[in-house]
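So the chains spell out like this:
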Amino acid sequence: IVINSGKGQGRKLFIAHWINNHIKHSHKSYKDVIIPIFVTAGTGKLTSNYLIYQIITRIRDIFNFRRKVDLAEEKIRTNFYYWLDLASRKIQKHNYFDGDLMIIIEGIDNICDNDRNTETSLKFWLPQKIPKRVKMIIGLNNESYNVKFLKELKSNFVFLKSNNNSKHKIFNTHSLKNSLVVI
């Protein structure tokens, strides 16, 4: 799923609210394992290799895999699908576990190439096929050149357009509102 919006539409707030509601209202015996990454909330430029490394190490910790992560630049990209598939197979192996692995990457269009300091092309590192029991939600800006690639993959798009009233309503109903600061 691709959450597509313009700047200032409250995408981070929408995704945080969705995660909270998804966990709270899930009817599964074992809740989905969610790995959220908010690229635009961080400081500095994030590279695709570092993002993949973050996801893989979280998968490794959550599913208690003992394998080491190969940090070579090409290996980390090519092994991304392998790690997703490994998690998928472990989930499927346990018949009692009805949850899925959900990876949420908000602001994927802010991931930059090291050498050019420009938006990275998703076709070089994002798996074009996602294993069973793994779901991926991506948030990006309308102006990203990766929108075309994601449409070619036949991704499901959700177009987010909000106003200040809707953002404030979500903010005021969010269970973590006391720990959030309005700027």
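Peer 1: Can you tell me about the nonpolar core, naming the residues and giving the values?
Peer 2: Among the nonpolar cores identified, the biggest contains 38 residues, and L51, I59, L101, W125 and L150 are the most heavily contacted of them. When contributions to this core are tallied by element, the ones reaching two or more residues are β2 (33-38), α2 (48-62), α4 (80-93), β3 (101-106), β4 (134-141) and α5 (146-152). Per-element accounting of this core gives the leading share, six residues, to α4. Excluding its chain neighbours within four sequence positions, the residues that come into contact with W125 are S48, L51, I52, R77, F80, I108, I111 and T120. In this structure, I15, M102, I104 and L160 belong to the second largest nonpolar core, which totals eight residues.

Peer 1: Tell me about the sheet that holds strand β5 (residues 157-160), and please be specific about residues and values.
Peer 2: The strand order across the open sheet formed by five strands is β2-β3-β4-β1-β5, and the pairing between neighbours is parallel. The sheet terminates laterally at β2 and β5, the two strands that pair on one side only. Adjacent strand axes in the sheet meet at a mean angle of 15° when their direction is disregarded. Of the strands in this sheet, β2 and β3 touch α2, which is tilted by about 155° from β2. Each of β3 and β4 touches α4; the most contacted strand, β4, lies at about 135° to it.

Peer 1: So what's going on with helix α1 (residues 11-24)? Which residues, and what values?
Peer 2: Given 3.6 residues per helical turn, the α-helix brings residues three or four places apart onto the same face. Under the 1.5 Å per step criterion, the end-to-end length of α1 is 20 Å for 14 residues, consistent within 8% with the ideal 20 Å. The set of residues buried in α1 consists of R11, L13, I15, H17, I19 and N20.

Peer 1: Please provide a residue-by-residue account of the pattern of salt bridges, values included.
Peer 2: Counted by the stated rule, this structure contains five salt bridges. The closest approach of N and O atoms between R11 and E106, which form a salt bridge, is 3.0 Å. You can see R11 sitting in helix α1 and its partner E106 sitting in strand β3, a full 95 residues away along the chain. Accessibility classification places R11 together with E106 in one group, the buried group. Salt-bridge contacts for R133 lead to D100; the nearest nitrogen and oxygen are separated by 2.7 Å. Separated by 33 residues along the polypeptide, R133 in the loop between β3 and β4 and D100 in the loop between α4 and β3 bring together distant segments of the chain.

Peer 1: Any details on the pairing of β3? Residues and values, ideally.
Peer 2: Burial analysis of β3 places six of its six residues in the buried class, which makes it a mostly covered element. Here β3 shows a buried face lined by L101, I103 and I105 and a second buried face lined by M102, I104 and E106. In the sheet, β2 pairs with β3 via six bridges, with the strands oriented parallel. Among the inter-strand pairings, V33 is bridged to a residue of β3, identified as L101. Pairing geometry for β3 and β4, over six bridges, is parallel.

Peer 1: Quick rundown of the side chain of R11? Include the residues and the values.
Peer 2: On the basis of relative accessible area, R11 is assigned to the buried category, the value being 10%. A distance of 3.1 Å separates a polar atom in the side chain of R11 from a polar atom in the side chain of S5. With near-sequence residues (within four places) excluded, R11 lies in contact with I3, S5, E106, G107, D109, G139, L140, N141 and L160.

Rules used in this analysis
Residues numbered from 1 in each chain as written. Predicted model: local features only at pLDDT ≥ 70, side-chain atom pairs only at ≥ 80, totals over all residues. Heavy atoms only, no water. Core = buried A, V, L, I, M, F, W, Y, C linked by side-chain atoms within 4.5 Å. Buried < 20%, exposed > 50% of the residue type's maximum accessible area, 1.4 Å probe, protein only. Helix = DSSP H or I, 4+ residues; strand = E, 2+ residues; numbered from the N terminus. Contact = heavy atoms within 4.5 Å. Pairing = 2+ DSSP bridges. Axes fitted to C-alpha atoms, helices over the stretch in contact; angles between N-to-C directions. Expected span 1.5 Å × (residues − 1). Salt bridge = Lys/Arg side-chain N within 4 Å of Asp/Glu carboxyl O. Polar contact = N/O pair within 3.5 Å; in protein donor to acceptor, adjacent residues only side chain to side chain.

Remember, this is a structural readout, not a statement about activity or role.
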